[in-house]
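Take a look at the letters that make up each chain.
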Amino acid sequence: MNSNTQTIGMRQKESIFSFLISELKPKGKIFTPFNIISFPVIVVGLVIIFLRFKNGIGSVTNLTQDVPWGLWIGFDVVTGVAFAGGAYVLVFMVNILNLKQYRPILRITVLNGFLAYLFYSAALLLDLGRPLNVINVVIGNNFGVSSVLFLVGWHFLLYMLALLIEFSPAIAEWLNARKLHRFLTGIAMGAVIFGITLSVLHQSGIGALFLMAKDKIHPLWYNSYLPLLFVVSSVFAGISMVIFEGSISHKVFSGQLNENDQQAHHNILTGLSKICALGMFAYLTLLVLVFVHEQNYAYINSPMGYWFLLEVLGFVVLPMLMFFMAYRRQNVLLIRIAAVLTLLGIMLNRMNISIICYRWDAAERYIPSWQEFTVTLTIIFIEIWVLRWIVRRMPVLQRLPQWVGGGH
Amino acid sequence: MSINRRTFFKAMGATAMALTVGKPVVASNETESGTELNGILYDVTRCRGCHGCEWDCADAHGFSDFDIPKNPPFRQTDEKHRTVVNHYETSKGSLPRKIQCMHCNQPACDAACLTQAMHKTPEGPVIWREDKCMGCRYCMISCPFDIPKFEYHSTNPQIVKCDMCINLISEGEIPACAYNCPEEALMYGKRSDLIREARRRIHDEPDKYIDHIYGEHEAGGTSWLYLSPVPFNELGLNTNIQHTSYPSLTKGFISSIAPVDILLPAVLLGIYEATKKSSNKEEEI
């Protein structure tokens, strides 16, 4: 707090450029365990990315002609978008339903969502064989309007813009730009409403991508309700990510918070766990409905059937019950465990649909190469670095500057 | 004229039936623009499996380092082989079967492509256009026959698949494989003519063929048609494939996008106004 008010005082004297340059310098310790692990991974990852553009996708990945979408799409994009769903759910709760108690975690969630989308699109570009032609989709000389991917892409792009607008008041506060701040808060409501709409559509759209792969995905995972299942599961996947990520950032950035904030955070977590439990109950009901409707009993007594049961019982039913119990007993630890289980479950579900049970009968199985894992880690680590840089500088977790009206 | 109850209900039932099934679902031979599609009829009983079409195809598409392994195992098309012929052990002995793009009437790859690089031409072939493709490989995900192949080891990769020799067709010639087949197992022509010819062959020699033309209705109809002496699943063809087109699977989702984009903001705005007012009242009290 103290240092923050000092920088605001100093900022009026110095020019904006010298301020920006001073902000570029790292704050905090350099040799932390996280930095020591992440830095070499990022260096290796960047080398692999260079090799990918020099020698082609096949030189660093194990993708086959049968399984053309691997870890970079199945995890980075398909799973990652579900994890980033917390942004639209929380924005809906705070700005539309007016549930003010969740406001303290809104900014960090929106920032997380924005960075996640930014880096997933980067991962997507790495996976494109002819990335320069991505411009065809944007400038509109070749609109494939009947394509689900086209619609997902555009909703994705516009939603990133909406998230940036939603977060932009924090940037204005950091730069001490008061007029800009007033303008940005003014247009934020439009971004909120369209952001939620765009989210609902691209979350379900990712499920709709797999509708045409009817004969390729195992029948226990393929059904015509995929879009609905994806959007419902994105609600509790996103919230679980908020719980998980919030628990970490409240430890790491504990200096920016006081005791009241910590207590408020516990109340927020129990509230979120109730929403998760209800969301998972709705999802489970849908799953049972689909299972009965598609008459999938015959597949259960097989290795794929046991794999399916593990996903549903171990990573949907179990965390759902844990969320219920944790809410009733106000047990924060149990909430965190349930959130981690839910995230693993969503990862399992999305990977099952896009990789593991996609062409499960193929002669040549796809197993991601170490390079693919390293690049995925690299993208996540760079994202965390950028997140940390922003949180240490802009009013994300910390109190707003005095000149901003209204509560945080 | 006497109408008793029973005939009345019969008439009612017949009318209802006519209304519901009145429009028969038949795979069309025409594109939306009204021109007639071309196709190729492949008769397995005439094919000797000489792999000649593979050489002709490689020749026509400029693959210089082309090679067919001796004693080949089961092969798939790949980035160097737009078509392959495999031999299958069937109930009537070893039979060959050619694999290539089926050139669906309503292709999944065309509907999937977000840059219109995959394109169903009015002449019939489904082609890939280099200047538009961004290499996302969604066509490979969508194709029910696993046909588009990707050059993973190229820095400027292409999607490789049979293009029914579009450059030859547009000059009024016929595709290389059909032109060169020594046994006339491949027949190029208008799709409707080919279906008529296939029916004639089945009719003339009912013992020689099974009574089914693969591709007439599969995946909503394809430009490539198969005739076989054994059930098609014995030749490695997917016989569970749906008879409606693959793009119809996503039609429902795509048509729901515009209503959601328009109506959901209105609903959200309504909820926002409602909760804003109620919280203001609470504050006043």
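**Here we look at the packing of helix α10 (residues 226-252) of chain A against helix α14 (residues 332-356) of chain A**
Helix-helix packing is described using two parameters, namely the angle between the two axes and the distance between the axes. All names here are of chain A. Taken N-terminus to C-terminus, the directions of α10 and α14 make an angle of 140 degrees; their axes are 9 Å apart at the nearest point. In terms of axis orientation, α10 runs oblique to α14. For the pair α10 and α14, the sense of crossing is left-handed. Where α10 abuts α14, its residues Leu 226, Phe 230, Ser 233, Ser 234, Phe 236, Ala 237, Ser 240, Met 241, Ile 243, Phe 244 and Ser 247 lie against Ile 335, Arg 336, Ala 339, Val 340, Thr 342, Leu 343, Ile 346, Arg 350 and Ile 353. Split into classes, the residues belonging to the contact of α10 with α14 amount to 13 nonpolar, 5 polar and 2 charged.

**A short note on the packing of aromatic side chains**
Centre-to-centre distance and the angle between the planes together describe a pair of aromatic rings. All chains considered together, the criterion is met by 17 aromatic pairs over all chains. Clustering of aromatic rings is evident, with ring pairs tying together Trp 221, Phe 291, Tyr 297 and Phe 308 of chain A. Over the aromatic face of Phe 230 of chain A sits the side chain of Arg 350 of chain A, whose NZ or CZ is 4.0 Å from the ring centroid. In this structure, Arg 137 of chain B is placed above the aromatic ring of Phe 150 of chain B, and the distance from its NZ or CZ to the ring centre is 4.9 Å.

**Focus: the pattern of salt bridges**
Tallied over the entire structure, the rule returns 19 salt bridges over all chains. Across the salt bridge formed by Arg 359 of chain A and Asp 66 of chain A, the nearest N and O atoms sit 3.4 Å from each other. Of the two residues, Arg 359 of chain A sits in the loop between α14 and α15 (370-391) while Asp 66 of chain A sits in the loop between α3 (33-55) and α4 (71-83), which places them 293 residues apart along the sequence. A relative accessible area of 15% places Asp 66 of chain A in the buried class. Glu 183 of chain B serves as the salt-bridge partner of Arg 48 of chain B, at 2.9 Å between the closest nitrogen and oxygen. Here Arg 48 of chain B is found in the loop between β1 (38-43) and α2 (52-60), whereas its partner Glu 183 of chain B is found in the loop between α6 (176-180) and β8 (186-190), with 135 residues between them in sequence. Connected via shared salt-bridge partners are Asp 43, Arg 46, Glu 197, Arg 200, Arg 201 and Asp 204 of chain B.

**Focus on the nonpolar core**
Of all hydrophobic cores here, the largest spans 184 residues; its most connected members are Leu 272 and Phe 323 of chain A together with Tyr 138, Phe 145 and Trp 224 of chain B. Looking at which element gives the most residues to this core, the answer is helix α8 (residues 148-175) of chain A, with 13 residues. Excluding its chain neighbours within four sequence positions, the residues that come into contact with Trp 224 of chain B are Ile 40, Tyr 42, Lys 98, Gln 100, Cys 101, Met 102, His 103, Cys 162, Cys 177, Leu 186, Tyr 214 and Gly 215 of chain B. Counting residues in hydrophobic clusters, the runner-up holds 9 residues, among them Leu 41, Leu 194, Ile 202 and Leu 225 of chain B.

**As for the sheet that holds β8 of chain B**
All names here are of chain B. On the basis of which strands lie adjacent, the open sheet formed by 3 strands has the order β8-β1-β9 and mixed pairing. Strand pairing shows two members of the sheet lacking a second neighbour, β8 and β9 (224-227), which therefore form its edges. Between one strand axis and the next, the sheet turns through 25 degrees on average, direction left out of account. Direction of pairing for β1 relative to β8: antiparallel, over a ladder of 5 bridges. Counterpart to Ile 40 in the pairing with β8 is Tyr 188. Together, β1, β8 and β9 form the strand contacts of helix α7 (residues 191-204), whose direction differs from that of β8 by roughly 130 degrees.

**A closer look at the confidence of the model for chain B**
Chain-level pLDDT for chain B is 86 on average; 84% of the residues reach the 70-or-more range. The ipTM assigned to the predicted complex is 0.88, against a pTM of 0.88.

**A short note on a nonpolar patch on the surface**
Residue and element names in this part refer to chain A. Residues Phe 39, Val 43, Val 47, Phe 50 and Leu 51 make up a contiguous nonpolar surface patch of about 460 Å² in total accessible area. With respect to the helices, strands and loops of the structure, Val 43 is situated in helix α3. The exposure class of Val 43 is partly exposed, given its relative accessible area of 39%.

**Focus on helix α9 (residues 178-208) of chain A**
Between its first and last C-alpha, α9 of chain A extends 43 Å over 31 residues, near the 45 Å set by a 1.5 Å rise per residue. Largest kink in α9 of chain A: about 35 degrees, centred on Ala 188 of chain A.

**Some details on unusual backbone geometry**
Excluding glycine, most residues fall at negative phi; most peptide bonds, likewise, are trans. With a phi angle near 60 degrees, Asn 176 of chain A is a residue other than glycine that sits in the positive phi range. Position of Asn 176 of chain A relative to the elements: it lies in the loop between α8 and α9.

How each quantity is defined
- Residues numbered from 1 in each chain as written.
- Chains lettered and ligands numbered in written order.
- Predicted model: local features only at pLDDT ≥ 70, side-chain atom pairs only at ≥ 80, totals over all residues.
- Heavy atoms only, no water.
- Axes fitted to C-alpha atoms, helices over the stretch in contact; angles between N-to-C directions.
- Helix = DSSP H or I, 4+ residues; strand = E, 2+ residues; numbered from the N terminus.
- Parallel < 35°, antiparallel > 145°, perpendicular 65-115°, else oblique.
- Left-handed = near helix turned anticlockwise from the far one by under 90°.
- Contact = heavy atoms within 4.5 Å.
- Nonpolar A, V, L, I, M, F, W, Y, C, P; charged D, E, K, R; others polar.
- Phe/Tyr/Trp six-rings, centres within 6.5 Å; stacked < 30°, edge-to-face > 60°.
- Lys NZ or Arg CZ within 6 Å of the ring centre and 35° of its normal.
- Salt bridge = Lys/Arg side-chain N within 4 Å of Asp/Glu carboxyl O.
- Buried < 20%, exposed > 50% of the residue type's maximum accessible area, 1.4 Å probe, protein only.
- Core = buried A, V, L, I, M, F, W, Y, C linked by side-chain atoms within 4.5 Å.
- Pairing = 2+ DSSP bridges.
- pLDDT = per-residue confidence, 0-100.
- Patch = residues over 30% accessible without salt bridge, like charges linked within 9 Å, V, L, I, M, F, W, Y side chains within 5 Å.
- Areas by Shrake-Rupley, 256 points an atom, 1.4 Å probe, with all protein chains shown as cover.
- Expected span 1.5 Å × (residues − 1).
- Bend = angle between axes of the 7 residues up to and from the residue.

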